[in-house]
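Take a look at the letters that make up each chain.
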Amino acid sequence: MIWSFLKKVFLVDLFEGLWVTFRNQKTKYIYTEQYPAERPKVAERYRGAPRLNLNPETGEPLCIGCNLCALACPENLIVMTSERNEKTKRKEMKTFLFDTSRCMFCGLCEDACPSDALELTQDFELATYTREGQVWTKQMMEEGPKPTRYTC
Amino acid sequence: MPDATFLDSTELVLNMGPQHPSTHGVLRVILKLDGEKVLGTDCVIGYLHRGVEKIAENRTYAQFSPYVDRMDYVAAISNGLGYCLAVEKLLNVEAPPRAQAVRVILTELNRIASHLLWLGTHALDIGALTPVFYCFREREEALKIFEKYCGARLTTHAFRIGGLQYELYEGFEQEVKAFCDMFLPKVDEYEELLTHNRIWLSRLKDVGILTAEECKEYGVTGPVLRAAGVKWDLRKAQPYSGYEKYDFLIPTRQNGDTYDRYMVRMEEMRQSVRIIRQAVGAIPEGPVMAKVSKVIKPPVGEAYVSIEAPKGELGYYIVSDGSTQPYRVRVRPPSFVNLQALDRMVRGALIADVVAVIGTLDIVLGEVDR
Amino acid sequence: MAEEKAPPPKPAAKPPATMAATPWEGDLARGLKERFGDAVTEASSYLGQNFLVAKPEAITGILQWLKWEADFDYLVDITAVDWPKRAERFDLVYILYSFLRNERVRVKTRVPEGYHPQSVVGVHLTANWLEREVFDMFGIEFAGHPDLRRILMPDEWEGHPLRKEYPILQQDQRWVQENLGIESGQ
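Residues numbered from 1 in each chain as written. Chains lettered and ligands numbered in written order. Predicted model: local features only at pLDDT ≥ 70, side-chain atom pairs only at ≥ 80, totals over all residues.

Q: How do you make sense of the overall build of chain A when you look at a structure like this?
A: Scanning chain A for helices and strands turns up 5 helices and 5 strands. Moving toward the C terminus, one meets the helices and strands of chain A in the order α-α-β-α-β-β-α-β-β-α. For a compact globule of 152 residues, the expected C-alpha radius of gyration is about 15 Å, and chain A comes in at 26 Å, more than 25% above that figure. Dimensions of chain A, computed from C-alpha atoms along their principal axes, come out at roughly 95 × 35 × 35 Å. Burial statistics for chain A: of 152 residues in total, 20% are counted as buried. (Helix = DSSP H or I, 4+ residues; strand = E, 2+ residues; numbered from the N terminus. Rg over C-alpha atoms; globule rule 2.2 N^0.38 Å. Buried ≥ 20, exposed ≤ 12 C-beta atoms within 10 Å, placed from the backbone.)

Set out below in C-alpha cells:
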C-alpha cells in the first residue's frame, strides 16, 4: 500500500513520538522539586521521625510507661525503663532508647501507644555522622531531629 | 547448561553480572555465547536473600506484616494484601465490605504503579529514554495517594489483619477520581510514543516467544501467560476481597512474544482504571476492621491463599501451630517461577534480546530472593 | 503411726492440638484411593482446601496421574515444613492447580532425614528451581534432579537455614571469613 510505504519513508511513526516529547517541553509541565531550597510537603500521616509528645497544657510527658511500644516493635529496638512515682502513685517513664538505625518506620509502635505519646512525625532528615547518633535518648525523642537548613 | 570446555574457541562464557543496569536488581546471568547468539543461560540468584521466611518464624503475625512489603518492593500493597488474606483465612474472618472496597482500590492503584515502573524501566533497557520520566511522573501521583492514606510511599504497610488500620482521609475519593481522569489519556500518550514506533516493533516483535503450553509447563503466570493466549486471571477465576462485584476484561494476545506482553500490560492498566472507577463510586459505609483479637492466635492448621499480583500468582502458604508466631510461612513468588523460563525464551536469540526478555518478564529481585 | 498421704495424681497430659481437618469426599479423592490404594494415607480438607497425605514413593505416580488423568497441569509450588520432633522430620508439600477444573489440591508427604525423594522434574518443568530451593533451605536431596545445587545461598555455604535448629542469627563463619574478609556478625 502506497500510504504505508510513504509513512515508512517519511518516518511518520518516529515523528509522532517526537511530537509527544516536544509537547511536554512547556514550562508548566516541569515536575522537578527544587530540594533543598523548598522542602517538600509530606502528608499528615507520614511515618517519619519518632517523637515523644508532651501534654500541650502542662508540659508533662504523655508517656505512661506501659512498654506496649517495645512489645509491638518487630525489631525490638525500643528499650525503656520506668519507675513508680510515690507522690502520684503512677508509673513514670525514666529512660527511653530508640534505635533509628534499625527502625523500618512501620508504625506499629505508633499504633500500639495507648496515650498518643509516641508519634511518627513528618521529619525525614535523620542522617547523622556517627552510628551512636542514631540511637535516640528521651531528650532527643522529645525535641526531634534538628537537620541543617540549607537556603539558597 | 550444556558442557563448557575452555579449549573450545567458538563458545564464549560471558557474565552479565549482579551489577548491571538492565537486570532489574542483583541478578547474575551467565551467558554461553556463540558470537552474539545465546546458546544457554544460567541464572545465579540469591544476592538479595534476606531470609524473610526464617524471620517469619520469629515474629508474631502482626509484627511480620511490615516485612512482607519489602519482598516485591515495587508493588508493596499486593504483598500485604496476600498476607492479610492468608492469615484471615486461617482465622476464618473476613474483612468488612468497606475495607474490602478500599483494599481493591489501593491494590489496583498499586498495579498501575507497578506496571508504570515496568514500562519505564523496560523502555529504558531497550533504549527509549523518554517514557521513564513520564511513567515516573504518573507513578508519583499514585504514590502521593498512598502516602496520604497510610504514611509511606513504597513500603506502605497499608493493610492489617482483619481490615484496615486507618479510616479514609478527607478527599480520598476526589483524589482517586482525579487520578483516574488524569491517567487514562496518559496511557494513550505512552502508546503514541511506543506502539507503532518501528524501533520498538523490531526490538520486541518475535522476541522471547513462550507458547501457552510452555507457560503451563514452567508454571508461569501473570501477564506472560495472558500474552500467550490463556485467558486466566485469579481475580476472575477465584475472586477475593470483593473482586466479583466489579466488571472488567482480561486482556489476552496470541503470539506470546515480548510485544504482546507489552500490549497486555498496557491494556491491564486501562482495566485497572475501570475497576478503580467502579469501586470508588460505591464504597460502602461501615467499620474498617473486623472483630479480631489483639493477640492473633489462629488454630492449628495450614492454608494456601494466592492473589493476582501485578507480576503473577503470589501465594502464601502459612502453617500455624496454635501459637502467636507462625510455624512456617512460605511465599510463592511469581518472579522466581517466571525467571526459570528465561532459559527457554532466549535460546538462539541475541544478547540484546536477553535484556529485552528480562525486562518483559517483569522480575523484581526482592521477590525472587526474598 | 504417721499417715502418709499419697501425692495427688497428676492430671493427664493434654494431647497436642492437631488440625481440625474433615475428610474429603469427592470423586477426585475416590479416584485417587482406587488407583493408589494404600499409598494415599489420608485425604482431608481444612477450611475448604483439599489435601492428601501420601507415601513418599508414590508421589511421582500421583503427580503423573493428577496431571494426565485429572488435568492438574500446573504445579504451583513445592515446599517443605520442618517438624524436628517427629520421626519423619520433613513435610514435603506439592501444591497443584487445574485450569480446567479451577481448583487446587495439596499433596503432602512425610520424609525422614536422609531420604532422597524422587524429583518430579520429568512431570512438571517448574520443579527444577523449586526443588533446588527446598534442597538449599532444608537439605532434602532429590534423586534424579538434573542440576541439584544451592540456589539462594552461596554454593559453598554449609548448613541449611530453614531447619529449626539453625538459629536465626547464625552465619557460616568460615564462608564469611573467606569470601568477605570480615568477622561474621558485623
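Q: What's the story with the interface of chain B and chain C in this structure? I'm lost.
A: Buried accessible area, meaning the area lost when the parts come together, often serves as the stated size of an interface. Contact residues are listed per partner, giving 33 residues for chain B and 29 residues for chain C. Within the residue set of the side of chain B that touches chain C, elements represented by two or more residues are α1 (52–56), α8 (212–218), β6 (301–309), β7 (312–320), β8 (328–332) and α12 (334–340) of chain B. Ranked by the residues each element gives to the side of chain B that touches chain C, the list is headed by β6 of chain B, at 4 residues. (Contact = placed C-beta atoms within 7 Å.)

Q: What is the right way to look at the pairing of strand β5 (residues 90–98) of chain C in this model?
A: The two faces of a sheet get side chains in turn, since along a regular strand they alternate between them. All names here are of chain C. In terms of burial, β5 is a largely internal element, 7 of the 9 residues being buried. Sheet topology note: the strand β4 (residues 74–82)/β5 ladder contains 8 bridges and is antiparallel. Within β5, the position partnered with Tyr-74 by the bridge is Tyr-97. Linking β5 back to strand β6 (residues 103–111) in an antiparallel pair, the connection comprises 4 residues, with Asn-102 at a positive phi of about 55°. (Pairing = 2+ DSSP bridges.)

Q: Quick question: what am I supposed to make of the domain arrangement of chain C here?
A: Residues and elements named next belong to chain C. Looking at chain C, the domain boundaries give domain 1 (22–152) and domain 2 (153–186). Taking only C-alpha atoms into account, the centre of domain 1 sits 30 Å from that of domain 2. If you look at the interface, domain 1 gives 9 residues, while domain 2 gives 9 residues. Element by element, the count of residues in the side of domain 1 that touches domain 2 is highest for helix α3 (residues 127–138), at 3 residues. (Domains from an automatic or database assignment.)

Q: I keep staring at the interface of chain B and chain A and nothing clicks. Help me out?
A: In this complex, chain B contributes 19 residues to the contact, which on the side of chain A involves 19 residues. Of all the secondary-structure elements, those providing two or more residues to the side of chain B that touches chain A are α2 (61–69), α5 (131–150) and α6 (172–194) of chain B. Residue contributions to the side of chain B that touches chain A peak at 4 residues, all from α5 of chain B. For the side of chain B that touches chain A, the class distribution of residues is 5 nonpolar, 7 polar and 7 charged. (Nonpolar A, V, L, I, M, F, W, Y, C, P; charged D, E, K, R; others polar.)

Q: Help me understand the nonpolar core in this model?
A: By size, the foremost hydrophobic cluster in this structure holds 174 residues, and its most contacted members are Val-87 and Ile-105 of chain B together with Leu-96 of chain C. With 15 residues, helix α4 (residues 97–126) of chain B is the largest single contributor of residues to this core. The residues contacting Ile-105 of chain B, other than those within four sequence positions of it, are Val-176, Ile-276, Ala-279 and Val-280 of chain B. (Core = buried A, V, L, I, M, F, W, Y, C linked by C-beta atoms within 7 Å.)

Q: Would you mind going over the arrangement of the chains with me for this structure?
A: Interchain contacts are distributed over 2 pairs of chains, and the most extensive set of them lies between chains B and C. Without any contact between them, chain A and chain C keep their closest C-alpha atoms 13 Å apart.

Q: Sorry if this is basic, but what is going on with the sheet that holds strand β2 (residues 78–85) of chain A here?
A: Residues and elements named next belong to chain A. What the 3 strands build is an open sheet, ordered β2-β3-β5; its pairing is antiparallel. Each end of this open sheet is capped by a strand with a single partner; those strands are β2 and β5 (135–136). In terms of strand pairing, β2 meets strand β3 (residues 90–99) through 8 bridges, oriented antiparallel. In the strand pairing of β3, Asn-85 is matched with Arg-90.

Q: Whenever I open this one, the sheet that holds β6 of chain B confuses me. Can you help?
A: Strands in a sheet are paired, the pairing made by backbone hydrogen bonds, and the direction either parallel or antiparallel. Residues and elements named next belong to chain B. One open sheet accounts for 3 strands, arranged β6-β7-β8; its pairing is antiparallel. In this open sheet, the two edge strands, each paired with only one partner strand, are β6 and β8. The sheet shows a mean angle of 10° between the axes of neighbouring strands, direction not considered. Two strands pair when backbone bridges link them, and β6 and β7 are joined in this way by 9 bridges, in the antiparallel orientation. Paired with Ser-306 across the bridge in β7 is Gly-315. Its contacts with the sheet place helix α3 (residues 76–91) against β6 and β7, and it is angled at close to 150° to β6. (Axes fitted to C-alpha atoms, helices over the stretch in contact; angles between N-to-C directions.)

Q: So what exactly am I meant to see when it comes to unusual backbone geometry here?
A: With glycine set apart, most residues show a phi of negative sign, and most peptide bonds adopt trans. One non-glycine residue with positive phi stands out, namely Asp-116 of chain A, at about 60°. Mapped onto the elements, Asp-116 of chain A comes out in the loop between α4 (108–112) and β4 (118–120). The backbone of Asp-71 of chain C sits at a positive phi, close to 65°, despite the residue not being glycine. Here Asp-71 of chain C shows up in the loop between α2 (59–68) and β4.

Q: Just checking my understanding: could you explain α3 of chain C for this structure?
A: Every α-helical turn comprises 3.6 residues, leaving residues that sit three or four positions apart pointing alike. An ideal rise of 1.5 Å per residue puts 16 Å on 12 residues; α3 of chain C measures up with 16 Å between its terminal C-alpha atoms. Burial in α3 of chain C covers these residues: Ala-127, Asn-128, Trp-129, Leu-130, Glu-131, Arg-132, Glu-133, Val-134, Phe-135, Asp-136, Met-137 and Phe-138 of chain C. At its buried positions, α3 of chain C is contacted by α12 of chain B together with β4 and β5 of chain C. (Expected span 1.5 Å × (residues − 1).)

Q: Explain the environment of Asn-79 of chain B to me, please; I cannot follow it from the model alone.
A: Along the chain, Asn-79 of chain B turns up in helix α3. We classify Asn-79 of chain B as buried; it has 29 C-beta atoms within 10 Å.

Q: Got a minute to help me understand the packing of α6 of chain B against helix α11 (residues 258–281) of chain B in this structure?
A: Each pair of packed helices gets described by two things: the angle between the helix axes and the distance between those axes. All names here are of chain B. Interhelical geometry of α6 versus α11 gives an angle of 160° and a closest axis separation of 10 Å. With respect to each other, α6 and α11 are oriented roughly antiparallel. When you trace α6 past α11, the crossing you get is left-handed. Where α6 approaches α11, its residues Glu-173, Val-176, Lys-177, Cys-180, Phe-183, Leu-184, Val-187 and Glu-191 are matched on the opposing element by Met-266, Met-269, Arg-270, Val-273, Ile-276, Arg-277 and Val-280. (Parallel < 35°, antiparallel > 145°, perpendicular 65-115°, else oblique. Left-handed = near helix turned anticlockwise from the far one by under 90°.)

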